[in-house]
Amino acid sequence: MKLSRLTFVAAVVAAVLLFVSGSGTRFGLWAFPVGFRVLKWAAYLGLAAAVVSLVGLVVPKLRAGQGGRLVVSLALGLGVAAVPGYWIATASKLPPIHDISTDLDDPPAFVAVLPARGPESNPVEYGGAAVADAQRAAYPDIQPLVLGLPPADAFALALREARATGWEIVAQDPAAGRIEATATTLWFGFRDDIVVRIRPADGGSRIDVRSLSRVGVGDVGANAKRIRAYLGRIAG
(Lines give C-alpha, C1' and ligand atoms only; values in the text may rest on other atoms or scores of the structure.)
Protein backbone atom coordinates (compact mmCIF):
# COMPACT_ATOMS: atom_id res chain seq x y z
CA MET A 1 0.00 0.00 0.00
CA LYS A 2 1.32 3.45 -0.89
CA LEU A 3 2.31 5.67 1.99
CA SER A 4 -0.27 8.30 1.05
CA ARG A 5 -3.07 5.72 1.01
CA LEU A 6 -1.97 4.28 4.34
CA THR A 7 -1.88 7.65 6.06
CA PHE A 8 -5.19 8.68 4.48
CA VAL A 9 -6.90 5.53 5.73
CA ALA A 10 -5.43 6.06 9.19
CA ALA A 11 -6.62 9.68 9.27
CA VAL A 12 -10.14 8.71 8.15
CA VAL A 13 -10.33 5.95 10.77
CA ALA A 14 -9.19 8.47 13.37
CA ALA A 15 -11.96 10.86 12.30
CA VAL A 16 -14.54 8.08 12.57
CA LEU A 17 -13.30 7.16 16.05
CA LEU A 18 -13.50 10.83 17.03
CA PHE A 19 -17.14 10.97 15.94
CA VAL A 20 -18.26 7.72 17.55
CA SER A 21 -16.45 8.43 20.82
CA GLY A 22 -19.11 11.00 21.67
CA SER A 23 -22.10 9.75 19.69
CA GLY A 24 -21.68 6.22 21.07
CA THR A 25 -21.75 7.62 24.59
CA ARG A 26 -24.73 9.84 23.84
CA PHE A 27 -26.82 6.97 22.48
CA GLY A 28 -25.91 4.55 25.25
CA LEU A 29 -23.63 2.20 23.33
CA TRP A 30 -21.02 2.52 26.07
CA ALA A 31 -20.28 4.45 29.25
CA PHE A 32 -18.45 7.76 29.08
CA PRO A 33 -15.08 6.35 30.28
CA VAL A 34 -15.13 4.07 27.21
CA GLY A 35 -15.98 7.05 25.03
CA PHE A 36 -13.00 8.93 26.46
CA ARG A 37 -10.71 5.99 25.68
CA VAL A 38 -11.99 5.89 22.10
CA LEU A 39 -11.35 9.64 21.92
CA LYS A 40 -7.78 9.05 23.10
CA TRP A 41 -7.23 6.37 20.46
CA ALA A 42 -8.58 8.74 17.82
CA ALA A 43 -6.09 11.39 18.90
CA TYR A 44 -3.15 8.99 18.85
CA LEU A 45 -4.07 7.61 15.43
CA GLY A 46 -4.71 11.07 13.99
CA LEU A 47 -1.39 12.33 15.31
CA ALA A 48 0.44 9.29 13.93
CA ALA A 49 -1.14 9.81 10.51
CA ALA A 50 -0.12 13.46 10.59
CA VAL A 51 3.46 12.72 11.59
CA VAL A 52 3.95 10.05 8.93
CA SER A 53 2.34 12.31 6.31
CA LEU A 54 4.70 15.11 7.26
CA VAL A 55 7.69 12.80 6.89
CA GLY A 56 6.38 11.75 3.49
CA LEU A 57 6.08 15.37 2.41
CA VAL A 58 9.60 16.19 3.58
CA VAL A 59 11.35 13.21 1.99
CA PRO A 60 11.37 13.66 -1.82
CA LYS A 61 11.36 9.93 -2.64
CA LEU A 62 8.29 9.38 -0.48
CA ARG A 63 6.53 12.50 -1.73
CA ALA A 64 6.77 11.68 -5.44
CA GLY A 65 3.28 11.49 -6.91
CA GLN A 66 1.62 11.44 -3.47
CA GLY A 67 1.86 15.04 -2.30
CA GLY A 68 -1.84 15.90 -2.54
CA ARG A 69 -3.11 12.96 -0.52
CA LEU A 70 -0.33 13.38 2.04
CA VAL A 71 -1.39 17.00 2.58
CA VAL A 72 -5.00 15.90 3.11
CA SER A 73 -3.91 13.20 5.56
CA LEU A 74 -1.74 15.69 7.44
CA ALA A 75 -4.58 18.19 7.77
CA LEU A 76 -7.17 15.59 8.75
CA GLY A 77 -4.89 13.89 11.26
CA LEU A 78 -3.98 17.20 12.91
CA GLY A 79 -7.64 18.23 12.97
CA VAL A 80 -8.64 15.06 14.78
CA ALA A 81 -5.81 15.32 17.31
CA ALA A 82 -6.59 19.00 17.92
CA VAL A 83 -10.03 18.29 19.43
CA PRO A 84 -8.90 16.34 22.52
CA GLY A 85 -5.78 18.49 22.57
CA TYR A 86 -7.94 21.59 23.00
CA TRP A 87 -9.92 19.94 25.79
CA ILE A 88 -6.76 18.91 27.61
CA ALA A 89 -5.26 22.38 27.28
CA THR A 90 -8.47 24.01 28.52
CA ALA A 91 -8.86 21.59 31.43
CA SER A 92 -5.28 22.22 32.54
CA LYS A 93 -6.12 25.90 33.07
CA LEU A 94 -9.32 25.29 35.07
CA PRO A 95 -9.97 23.73 38.48
CA PRO A 96 -11.31 20.14 38.58
CA ILE A 97 -14.79 21.12 39.76
CA HIS A 98 -18.22 20.34 38.34
CA ASP A 99 -20.62 22.30 40.57
CA ILE A 100 -20.98 26.02 39.86
CA SER A 101 -23.29 28.42 41.70
CA THR A 102 -23.90 32.16 41.78
CA ASP A 103 -24.46 31.88 45.55
CA LEU A 104 -21.49 30.21 47.21
CA ASP A 105 -22.75 30.76 50.77
CA ASP A 106 -26.22 29.33 50.21
CA PRO A 107 -26.27 27.42 46.89
CA PRO A 108 -29.77 26.71 45.51
CA ALA A 109 -30.86 23.19 46.44
CA PHE A 110 -31.96 20.47 44.04
CA VAL A 111 -35.28 18.77 44.75
CA ALA A 112 -37.22 17.63 41.70
CA VAL A 113 -34.24 16.29 39.72
CA LEU A 114 -33.07 13.97 42.50
CA PRO A 115 -35.00 10.89 41.31
CA ALA A 116 -33.42 11.21 37.85
CA ARG A 117 -29.88 11.17 39.24
CA GLY A 118 -28.56 7.63 39.39
CA PRO A 119 -26.46 6.12 42.19
CA GLU A 120 -23.27 6.82 40.24
CA SER A 121 -24.06 10.52 39.80
CA ASN A 122 -22.02 13.18 41.55
CA PRO A 123 -23.49 14.10 44.96
CA VAL A 124 -25.83 17.09 45.09
CA GLU A 125 -24.44 18.25 48.44
CA TYR A 126 -22.27 21.29 47.84
CA GLY A 127 -18.52 20.71 48.19
CA GLY A 128 -17.91 23.53 50.62
CA ALA A 129 -15.17 26.13 50.95
CA ALA A 130 -12.63 24.37 48.72
CA VAL A 131 -15.03 24.30 45.77
CA ALA A 132 -16.16 27.86 46.45
CA ASP A 133 -12.57 29.16 46.55
CA ALA A 134 -11.73 27.34 43.32
CA GLN A 135 -14.76 28.85 41.61
CA ARG A 136 -13.97 32.37 42.81
CA ALA A 137 -10.47 32.10 41.38
CA ALA A 138 -11.51 30.61 38.02
CA TYR A 139 -14.88 32.26 37.39
CA PRO A 140 -15.08 35.56 39.32
CA ASP A 141 -17.79 36.81 36.95
CA ILE A 142 -20.32 34.17 38.03
CA GLN A 143 -22.50 36.33 40.26
CA PRO A 144 -26.23 36.66 41.11
CA LEU A 145 -28.38 38.76 38.81
CA VAL A 146 -30.49 41.49 40.41
CA LEU A 147 -33.45 42.78 38.42
CA GLY A 148 -35.80 45.66 39.08
CA LEU A 149 -38.77 43.34 38.58
CA PRO A 150 -41.22 41.86 41.06
CA PRO A 151 -40.42 38.21 41.84
CA ALA A 152 -43.42 36.95 39.86
CA ASP A 153 -42.28 38.78 36.72
CA ALA A 154 -38.67 37.72 37.25
CA PHE A 155 -39.82 34.11 37.61
CA ALA A 156 -41.77 34.26 34.36
CA LEU A 157 -38.77 35.77 32.57
CA ALA A 158 -36.38 33.18 34.02
CA LEU A 159 -38.70 30.33 33.02
CA ARG A 160 -39.12 31.66 29.48
CA GLU A 161 -35.38 31.95 28.98
CA ALA A 162 -34.77 28.50 30.47
CA ARG A 163 -37.14 27.03 27.90
CA ALA A 164 -35.53 29.08 25.14
CA THR A 165 -32.14 27.51 25.88
CA GLY A 166 -33.53 24.07 25.10
CA TRP A 167 -33.28 22.78 28.66
CA GLU A 168 -35.68 20.07 29.77
CA ILE A 169 -37.83 21.72 32.45
CA VAL A 170 -38.23 19.27 35.31
CA ALA A 171 -40.10 21.48 37.78
CA GLN A 172 -41.41 25.01 38.10
CA ASP A 173 -42.64 26.33 41.45
CA PRO A 174 -43.61 30.00 41.37
CA ALA A 175 -44.49 30.04 45.07
CA ALA A 176 -41.04 28.77 46.04
CA GLY A 177 -39.35 30.75 43.27
CA ARG A 178 -37.59 27.63 41.97
CA ILE A 179 -37.06 26.20 38.49
CA GLU A 180 -35.26 22.91 37.94
CA ALA A 181 -34.07 21.69 34.57
CA THR A 182 -31.67 19.33 32.83
CA ALA A 183 -29.32 20.23 29.99
CA THR A 184 -27.87 17.62 27.61
CA THR A 185 -24.58 18.31 25.86
CA LEU A 186 -24.55 17.92 22.09
CA TRP A 187 -21.71 15.48 21.47
CA PHE A 188 -21.31 13.14 24.43
CA GLY A 189 -24.85 13.65 25.70
CA PHE A 190 -23.75 14.49 29.24
CA ARG A 191 -26.73 15.44 31.40
CA ASP A 192 -26.19 18.37 33.75
CA ASP A 193 -28.81 19.59 36.22
CA ILE A 194 -29.70 23.23 36.80
CA VAL A 195 -31.68 24.94 39.55
CA VAL A 196 -32.77 28.57 39.31
CA ARG A 197 -33.88 30.43 42.44
CA ILE A 198 -35.74 33.74 42.45
CA ARG A 199 -36.03 35.77 45.67
CA PRO A 200 -37.12 39.32 46.51
CA ALA A 201 -34.19 41.72 46.80
CA ASP A 202 -33.84 45.51 47.09
CA GLY A 203 -37.30 46.26 45.78
CA GLY A 204 -36.81 43.87 42.88
CA SER A 205 -35.59 40.30 42.49
CA ARG A 206 -32.38 38.33 42.81
CA ILE A 207 -31.80 35.36 40.52
CA ASP A 208 -29.34 32.66 41.53
CA VAL A 209 -28.36 29.71 39.35
CA ARG A 210 -26.56 26.48 40.12
CA SER A 211 -25.39 24.00 37.46
CA LEU A 212 -24.11 20.55 38.46
CA SER A 213 -22.68 17.81 36.24
CA ARG A 214 -23.99 14.32 36.88
CA VAL A 215 -20.70 12.63 35.99
CA GLY A 216 -17.05 13.54 35.82
CA VAL A 217 -14.65 15.43 38.06
CA GLY A 218 -13.92 18.53 36.02
CA ASP A 219 -16.40 20.09 33.60
CA VAL A 220 -13.90 22.01 31.42
CA GLY A 221 -15.83 25.19 32.20
CA ALA A 222 -19.17 23.94 30.83
CA ASN A 223 -21.30 24.79 33.88
CA ALA A 224 -19.90 28.30 34.24
CA LYS A 225 -20.40 28.89 30.52
CA ARG A 226 -24.01 27.71 30.82
CA ILE A 227 -24.80 30.01 33.75
CA ARG A 228 -23.05 32.94 32.10
CA ALA A 229 -25.03 32.52 28.88
CA TYR A 230 -28.35 32.02 30.67
CA LEU A 231 -28.05 35.09 32.89
CA GLY A 232 -26.87 37.06 29.88
CA ARG A 233 -30.11 36.16 28.09
CA ILE A 234 -32.18 37.29 31.05
CA ALA A 235 -30.27 40.53 31.47
CA GLY A 236 -30.85 41.22 27.78
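Higher on the page you've got the structure.
Cut-off values and rules
- Residues numbered from 1 in each chain as written.
- Predicted model: local features only at pLDDT ≥ 70, side-chain atom pairs only at ≥ 80, totals over all residues.
- Heavy atoms only, no water.
- Buried < 20%, exposed > 50% of the residue type's maximum accessible area, 1.4 Å probe, protein only.
- Helix = DSSP H or I, 4+ residues; strand = E, 2+ residues; numbered from the N terminus.
- Pairing = 2+ DSSP bridges.
- Phe/Tyr/Trp six-rings, centres within 6.5 Å; stacked < 30°, edge-to-face > 60°.
- Salt bridge = Lys/Arg side-chain N within 4 Å of Asp/Glu carboxyl O.
- Polar contact = N/O pair within 3.5 Å; in protein donor to acceptor, adjacent residues only side chain to side chain.
- Contact = heavy atoms within 4.5 Å.

(A) The arrangement of the pairing of strand β4 (residues 178–184) in detail. In terms of residue burial, β4 counts as a mostly covered element, since five of its seven residues are buried. Strand direction decides the pairing type here: strand β3 (residues 168–173) and β4, joined by five bridges, are antiparallel. Looking at β4, one finds that glutamate 168 is bridged to threonine 182. In terms of strand pairing, β4 meets strand β5 (residues 191–201) through seven bridges, oriented antiparallel. Across the sheet, alanine 181 pairs through a bridge with isoleucine 194, a residue of β5. Where β4 hands over to β5, the hairpin turn is made up of six residues, of which glycine 189 adopts a positive phi near 70°.

(B) Broad picture of the packing of aromatic side chains. Following the criterion strictly, the structure yields nine aromatic pairs and no others. Both rings, one in tryptophan 167 and one in tyrosine 230, keep their centres 4.8 Å apart while their planes meet at 40°; by these two values the pair is tilted. Residue tryptophan 167 is found in the loop between α6 (151–164) and β3, and its partner tyrosine 230 is found in helix α7 (residues 222–235); the two are separated by 63 residues along the sequence. Arranged with centres 5.4 Å apart and planes meeting at 10°, the rings of phenylalanine 188 and phenylalanine 190 form a pair that is stacked. According to the relative accessible area criterion, phenylalanine 188 is buried, its value standing at 3%.

(C) Examining the environment of glycine 127 more closely. For glycine 127, the location among the structural elements is in the loop between β1 (99–101) and α5 (129–138). Spatially, the C-alpha atoms of glycine 127 and histidine 98 are 9.9 Å apart, while their sequence positions differ by 29 residues.

(D) Structural context of unusual backbone geometry. We note that aspartate 202 has phi near 55°; this positive angle belongs to a residue other than glycine. Considering the arrangement of structural elements, one finds aspartate 202 in the loop between β5 and β6 (204–213). Here aspartate 202 falls in the exposed class, since its relative accessible area comes to 79%. With a phi angle near 55°, valine 220 is a residue other than glycine that sits in the positive phi range.

(E) Fine view of the pattern of salt bridges. Counting across every chain of the model gives 15 salt bridges. As a salt-bridge pair, arginine 197 and aspartate 106 come within 3.6 Å of each other at their nearest N and O atoms. Here the residue arginine 197 occupies a position in strand β5, and aspartate 106 occupies one in the loop between β1 and α5, the gap between them amounting to 91 residues. In this structure, a network of salt bridges that share partners links the residues Asp103, Asp106, Arg197, Arg199, Arg206 and Asp208.

(F) Up close: the side chain of glutamine 135. Locating glutamine 135 in the fold gives a position in helix α5. Relative accessible area serves as the criterion here: at 1%, glutamine 135 is assigned to the buried category. Engagement of the side chain of glutamine 135 in a polar contact is seen with the backbone oxygen of serine 101, the distance being 2.6 Å. Those residues in contact with glutamine 135 that lie beyond four places of it in its chain are Ile97, Asp99, Ile100, Ser101, Leu104, Tyr126, Pro140 and Ile142.

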